[in-house]
Amino acid sequence: MLNLVLFGAPGSGKGTQSEKIIDKYGLHHISTGEVLRKQIKEGTELGKIADSYISKGHLIPDDLMVDILRQELKGLPKECKGVIFDGFPRTIPQAVELEKLLAETGSGLTGVIGLEVPEEELVARMLKRGAETGRADDNIDTILNRLKVYHNQTEPLKEHYQDKGSYMQINGLGDVDSIFSSIVKALEEK
Ligand code: AMP
């Protein structure tokens, strides 16, 4: 199994690069943000809970997120070649749980692709996406909160994965295809 975490700040291009990686390697995509947005759209109980956090730019509590991830992993097709985790883990406890869940399925994490993008560019990309798609949390107040939360709760994961030797640093600035080429190169060298 080729199991990859696509790691980076909000607006770093995780969704865009996921699509290209999936096309090339035939992986299954698990985007926790997309799972939550679908629940919100459908007006489920989980969606209502998720919305109360997402609209403020806060993270959904770890217990709930790990349950959601467990369900997503259960739903994987048998012939699955691997998974790209987009937006999960976002905290150290989530990373620990991910390792346990993968071990239970007899596999492990192949590597972590870290998309690194300067802050001004992140803000500009999210504002543009908000204007183009109407995504509710892409407004300036929520964006600034999401970045704060990213630095406090998610960025420490970089060191966690560097210590394990699984972090692949990718320059996330530039055109989509050249960023993708850097990802492919890093994966081939792994
Ligand atoms: P994303 O689409 O990955 O940018 O996620 C959008 C929002 O969903 C985030 O700002 C969080 O509020 C929530 N979310 C997504 N994934 C997670 C996660 N792994 N842990 C906690 N909250 C999450």
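Residues numbered from 1 in each chain as written. Predicted model: local features only at pLDDT ≥ 70, side-chain atom pairs only at ≥ 80, totals over all residues. Heavy atoms only, no water.

J.: It is not clear to me how helix α3 (residues 45-54) should be interpreted in this structure. Could you clarify?
T.: Helical geometry note: an α-helix holds 3.6 residues per turn, so side chains three or four residues apart project in the same direction. All of the buried residues in α3 are G47, A50 and I54. Seen end-on, α3 carries its buried residues on one side only, within an arc spanning 65°. Residues E45 and K48 are exposed on α3 and point more than 90 degrees away from its buried face. Close packing links the buried residues of α3 with α2 (32-42) and α7 (140-154). (Buried < 20%, exposed > 50% of the residue type's maximum accessible area, 1.4 Å probe, protein only. Helix = DSSP H or I, 4+ residues; strand = E, 2+ residues; numbered from the N terminus. Arc of directions from axis to C-beta. Contact = heavy atoms within 4.5 Å.)

J.: Please clarify how a nonpolar patch on the surface should be interpreted in this entry.
T.: Together, L127, I140 and L144 make up an exposed nonpolar region whose accessible area comes to about 240 Å². Within the secondary structure layout, L127 lies in helix α6 (residues 119-133). (Patch = residues over 30% accessible without salt bridge, like charges linked within 9 Å, V, L, I, M, F, W, Y side chains within 5 Å. Areas by Shrake-Rupley, 256 points an atom, 1.4 Å probe, with all protein chains shown as cover. Salt bridge = Lys/Arg side-chain N within 4 Å of Asp/Glu carboxyl O.)

J.: Just checking my understanding: could you explain the environment of T154 for this structure?
T.: Relative to the assigned elements, T154 resides in helix α7. Separated by 95 residues in sequence, T154 and L59 have C-alpha atoms that sit 9.8 Å apart. Of the polar contacts made by the side chain of T154, one reaches the backbone oxygen of R90; its length is 2.8 Å. (Polar contact = N/O pair within 3.5 Å; in protein donor to acceptor, adjacent residues only side chain to side chain.)

Just distances and angles here, no functional claims.
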